[in-house]
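So the chains spell out like this:
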Amino acid sequence: MTVTKKFIIDFDSTFTQVEALDILGEISLQDDPQKQEKLQAIKDITDRGMEGSVTFRESLEQRLSLLNANKSQISELIQALRSRVSTSFQRNKEFLKENAADIYIISNGFKDFILPIVAEYGIREENVFANEFIYDEAGQIVDFNRENPLSKNNGKPETIKGLNLEGDIYVVGDGYTDYEIKASGVANKFYAFTENVNRPKVLAKADHVAPSFDEILYVNKLNKKFSYPKSRINVLLLENVHPIGVELMKQEGYNVEVVSSALSEEELAEKIKKVSVLGIRSKTQVTKKVLENANRLIAIGAFCIGTNQIDLETCQEKGIAVFNAPFSNTRSVVEMAIGEIIFLRRKLFDKSVNLHKGIWDKSASGSFEIRGKKLGIIGYGNIGAQLSVLAENLGMDVYYYDVLEKLALGNATKIESLDTLLETCDVISLHVDGRKENHNLINRERLQKMKKDALLINLSRGHVVDIPALKEALESGHLAGAAIDVFPSEPKNNDEPFESELLGLPNTILTPHIGGSTLEAQINIAKFVPGKIMEYINTGNTYNSVNFPNIQLPFLHNAHRLIHIHQNEPGIMAKINQILANHEINIVGQYLKTNEKIGYVITDIDKAYSSKVIDDLKNIQGTIRFRMLY
């Protein structure tokens, strides 16, 4: 396809993520005792020039005088810039190569480092216009070619006028000099490129603010690789998702909004209307009412283990994939459980509280080692199994109960009856999921079945333990202590007060749902969940989805990928293939997986699809959602 439009693209902070002279300064001033002061001065001068508060020539002269750079350092600069090409230009490398005749780099930077970078993206040398360094005999940069129009004020418009380009001319850049092209009348549109920097004075002059090159291709109907620009994928992240997760989403090109707390059902139902990806932790309830308003929602990421706060069935019905982080905070929760068992068995918490009050209570009464004690684990999943191993290494005898058949690790013993486990063990640690059947799993009757002076640890779900009954068991002395991290009702944020019947009880550790709240766990989760969501959006992979059939797909080469999500009914696969056959489209690869509710079909085809094919596939009875990836 030949582009009928000409694209004029800036280099610094547009084609690349950085200002090249800033990076050259990092290299040339490496041993300068005033390095930091000079680098900051160079950056300030660059910003003033880009915003138009000083003339470009003044900006250039001032920066070169500070740089003290040599020709020998240009190769190191080029190497650094290769890894700093803007993400959206990297994604659209194929487009740049296919349409090289109509793409121009016009920059106030320097050919010395620009040409080697853009050549790797197929851009022709004759289409690159930039300044030129002047070196002395020792290779020192002493000046620039002052006859080059691009070294002068309004140099970009003058350069373009000399090209006598025909057709529509679109300018893509981040600086005031890019706006000057449009202002001079030689370009049809100015796209303010904000993927890397955001200059308010420049944005005010733009015809269109473009958070990525994908956006520009999309609005001009030139986007061949992605059916929808990433800059139009709105991501809402709630409950203090770790900054790494936020940054990964932004780097991918998504439009990301962050809210520090959970939202109420009414607030989320309103806010979700324009959201493509929702990221939550444990407090946000994604209900049927919320999902009824989520017409653009593609995926939900639970930045935690549990997903019971999400209406998974409605998500399935609407074709919304849900991902969580089932392993990322396992170690953190297990370590906390071990620590609490030791603290409670030694009554360390009460002794610490008393000592803070000035009470010296040096006594071994009621204080025991955990070695040789019986630990009962209810729920032998990832966390329960790892707790089993560590507790055994500390000398505990481990027993476990699970409704599913689970292989024992080490010397752990499986107990067939929950009541038997409660009657047998000195410590009970809960690690079950939040399904409705587990509501008040540990009720008054079961608390009474526990051994006298036993301990109860709950790091699983708040509704699993009958709190009033637990209070009675602790106050009566039937239980020696408890550690509770999760509660039936929890504050939405740190500003709301916490209330519980367990406040003030002896040898009772209360923590604010922090079992998985370690820096290591949050970093692991913040990397894992966005990775799964981005894989799903980019390739269709559903591996590790909690509500979709799991498919792990090969990388796609030289084909187009179509995704069809439908109700699990007979004959839909045949209808998909019949439509493709009717349009004489050859299938390169096809992948199908179903569960009891939905079918998930990925079809790779080897030719461009027409709008009629897409319409036919969307209109198959039983279709929930159809998506084109490439």
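See above for the structure.
Residues numbered from 1 in each chain as written. Predicted model: local features only at pLDDT ≥ 70, side-chain atom pairs only at ≥ 80, totals over all residues. Heavy atoms only, no water.

Engineer: Would you take a moment to explain the sheet that holds strand β8 (residues 208–210) for this structure?
Structural biologist: Across a sheet, paired strands are connected by hydrogen bonds in the backbone, their directions being either parallel or antiparallel. Taken in spatial order, the six strands make up an open sheet running β3-β2-β1-β6-β7-β8, and their pairing is parallel. Whereas interior strands pair on both sides, the edge strands pair on one side only; in this sheet they are β3 (128–131) and β8. Sheet twist, expressed as the average angle between the axes of neighbouring strands with direction ignored, equals 20 degrees. Contacting β2 (103–110) and β3, helix α8 (residues 111–119) crosses the sheet at an angle of about 150 degrees to β2. (Pairing = 2+ DSSP bridges. Helix = DSSP H or I, 4+ residues; strand = E, 2+ residues; numbered from the N terminus. Axes fitted to C-alpha atoms, helices over the stretch in contact; angles between N-to-C directions. Contact = heavy atoms within 4.5 Å.)

Engineer: What's the story with the state of the cysteines in this structure? I'm lost.
Structural biologist: A disulfide bridge is the covalent bond that connects two cysteines by way of their sulfur atoms. Summed over all chains, the structure comprises zero disulfides. In this structure Cys315 is not part of a disulfide, and its nearest cysteine sulfur, from Cys304, lies 13 Å away. Looking at Cys315, the relative accessible area reads 0%, which means it is buried. (Disulfide = S-S within 2.5 Å. Buried < 20%, exposed > 50% of the residue type's maximum accessible area, 1.4 Å probe, protein only.)

Engineer: Would you explain the pairing of strand β10 (residues 255–258) in this entry?
Structural biologist: Looking along a regular strand, one sees the side chains alternate between the two faces of the sheet. Where strand β9 (residues 234–237) and β10 come together, four bridges link them in parallel fashion. Paired with Leu237 across the two strands is Val258, which belongs to β10. Of the crossover connections in this fold, the one passing from β9 over helix α13 (residues 243–251) to the parallel β10 is right-handed. (Right-handed = clockwise from strand over helix to strand, strands pointing away.)

Engineer: Looking at this model, I keep getting lost on helix α10 (residues 176–183). Mind explaining?
Structural biologist: Note: α-helices contain 3.6 residues per turn, so residues at a spacing of three or four share the same orientation. Those residues of α10 that sit buried are Thr177, Asp178, Tyr179, Glu180 and Ile181. Once α10 ends, the next one or two residues include Gly185, with phi positive near 90 degrees.

Engineer: Just to check I follow, could you spell out helix α3 (residues 35–51) for this structure?
Structural biologist: Taking 1.5 Å of rise per residue, the 17 residues of α3 would be expected to cover 24 Å, and the 24 Å separating its terminal C-alpha atoms lies within 8% of that figure. Listed in full, the buried residues belonging to α3 are Lys35, Leu39, Ile42, Ile45, Thr46, Gly49 and Met50. For α3, the arc enclosing every buried residue in end-on projection is 130 degrees, short of the 170-degree limit, so these residues lie on one face. Away from its buried face by more than 90 degrees, α3 exposes Gln36 and Glu37. Contacts made by the buried residues of α3 are with α2 (20–28), α4 (56–67), α10 and α11 (200–203). Phi turns positive, to about 85 degrees, at Gly52, one or two residues after α3. (Expected span 1.5 Å × (residues − 1). Arc of directions from axis to C-beta.)

Engineer: Before we go on, may I ask you to explain the packing of aromatic side chains in this structure?
Structural biologist: We describe a pair of aromatic rings using the distance from one ring centre to the other and the angle between the two ring planes. Tallied over the entire structure, the rule returns 22 aromatic pairs. Ring plane angle 45 degrees and centroid distance 5.6 Å describe the contact between Phe89 and Phe193, whose orientation is recorded as tilted. In this pair, Phe89 sits in helix α6 (residues 87–91) while Phe193 sits in strand β7 (residues 189–193), placing the two residues 104 residues apart along the sequence. Per residue, the accessibility class of Phe89 equals that of Phe193, and both read buried. (Phe/Tyr/Trp six-rings, centres within 6.5 Å; stacked < 30°, edge-to-face > 60°.)

Engineer: How should I be thinking about the pairing of β3 in this particular structure?
Structural biologist: Relative to β3, β2 runs parallel, the two sharing three bridges. Paired with Ile106 across the two strands is Phe129, which belongs to β3. In this view, the connection linking β2 to its parallel neighbour β3 by way of α8 has right-handed handedness.

Engineer: Is there a simple way to think about the nonpolar core in this case?
Structural biologist: Inside soluble globular proteins, nonpolar side chains tend to come together where they are buried. With 49 residues, the main nonpolar core has Ile9, Phe11, Phe15, Ile105, Phe113, Phe133 and Phe213 as its most contacted residues. The greatest single-element share of this core, amounting to five residues, is contributed by α2. (Core = buried A, V, L, I, M, F, W, Y, C linked by side-chain atoms within 4.5 Å.)

Engineer: Any chance you could explain the packing of α2 against α4 here in plain terms?
Structural biologist: Any two packed helices are characterised by how steeply their axes cross, that is the angle between the axes, and by the distance between the axes. With their axes 10 Å apart at the nearest point, α2 and α4 run at an angle of 20 degrees to one another. Between α2 and α4, the angle falls in the class roughly parallel. As α2 runs across α4, the sense of the crossing is left-handed. Across the interface between the two elements, Leu21, Leu24, Gly25 and Ser28 from α2 touch Leu60, Arg63 and Leu67 from α4. Looking at side-chain class alone, the contact of α2 with α4 contains four nonpolar, two polar and one charged residues. (Parallel < 35°, antiparallel > 145°, perpendicular 65-115°, else oblique. Left-handed = near helix turned anticlockwise from the far one by under 90°. Nonpolar A, V, L, I, M, F, W, Y, C, P; charged D, E, K, R; others polar.)

Engineer: What should I look at first to understand the pattern of salt bridges in this one?
Structural biologist: Pairs can form between side chains of opposite charge whenever their charged atoms are close. Applying the stated criterion to the full structure yields 27 salt bridges. Between Lys156 and Asp10 there is a salt bridge, with the nearest N and O atoms lying 3.2 Å from each other. Pair noted here: Lys156 is in helix α9 (residues 155–163) and Asp10 is in the loop between β1 (5–9) and α1 (11–15), with a separation of 146 residues, a long-range link. We classify Lys156 as buried; its relative accessible area is 2%. The class for Asp10 is buried, based on a relative accessible area of 5%. Residues Asp207 and Lys182 are paired through a salt bridge, measuring 2.9 Å at the closest nitrogen-oxygen approach. Taken together, the residues Asp207 in the loop between α11 and β8 and Lys182 in helix α10 connect sequence positions 25 residues apart. Residue classification places Lys182 among the partly exposed residues on the basis of a relative accessible area of 23%. Shared partners join several salt bridges into a network, and the residues in it are Asp10, Lys156 and Asp178. (Salt bridge = Lys/Arg side-chain N within 4 Å of Asp/Glu carboxyl O.)

Engineer: Teacher, can you tell me more about the sheet that holds strand β11 (residues 277–280) here?
Structural biologist: A sheet is described by the order of its strands in space; here five strands give the open sequence β10-β9-β11-β12-β13, paired in parallel fashion. Each of the sheet's edge strands pairs with one partner strand only, and the pair in question is β10 and β13 (321–323). For this sheet the average axis-to-axis angle between neighbouring strands, irrespective of direction, equals 15 degrees. In the packing of α13 onto the sheet, the strands contacted are β9, β10 and β11, and the crossing angle to β10 comes to about 160 degrees. Set on the sheet, helix α23 (residues 519–539) makes contact with β11, β12 (299–302) and β13; between it and β12 the angle comes to about 165 degrees.

Engineer: Hey, could you run me through the packing of helix α17 (residues 330–346) against helix α19 (residues 382–393) in this one?
Structural biologist: Look at α17 against α19: their axes get within 9 Å of each other, and the N-to-C directions meet at 50 degrees. Regarding the angle of α17 to α19, the classification is oblique. In the packing of α17 onto α19, the handedness of the crossing is right-handed. Along the contact surface, α17 presents Thr330, Arg331, Val333, Val334, Ala337 and Ile338, while α19 presents Asn382, Ile383, Gln386, Leu387, Leu390 and Ala391. Residues of the contact of α17 with α19, tallied by class, amount to eight nonpolar, three polar and one charged.

Engineer: So what exactly am I meant to see when it comes to the side chain of Gln73 here?
Structural biologist: With respect to the element layout, Gln73 can be found in the loop between α4 and α5 (74–82). Separated by 2.9 Å, the side chain of Gln73 and the backbone nitrogen of Asn70 make a polar contact. (Polar contact = N/O pair within 3.5 Å; in protein donor to acceptor, adjacent residues only side chain to side chain.)

Engineer: What is the right way to look at the environment of Val333 in this model?
Structural biologist: Tracing the backbone shows Val333 in helix α17. Sequence spacing of Val333 and Leu387 is 54 residues, and the spatial spacing of their C-alpha atoms is 8.7 Å.

Engineer: Hey, could you run me through unusual backbone geometry in this one?
Structural biologist: Phi angles above zero are rare outside glycine, and Lys221 is one such case at about 55 degrees. Phi at Asn440 takes a positive value of approximately 50 degrees, unusual for a residue other than glycine. Summarising the element assignment, Asn440 is placed in the loop between β17 (427–430) and α21 (444–449).

Engineer: Explanation requested: the side chain of Thr46 in the structure shown.
Structural biologist: Along the chain, Thr46 turns up in helix α3. For Thr46, a relative accessible area of 2% puts it in the buried group. A polar side-chain atom of Thr46 sits 3.3 Å from a polar atom in the side chain of Arg63. In this view, Thr46 contacts Glu19, Asp22, Ser59 and Arg63; residues no more than four positions away in its chain are not counted.

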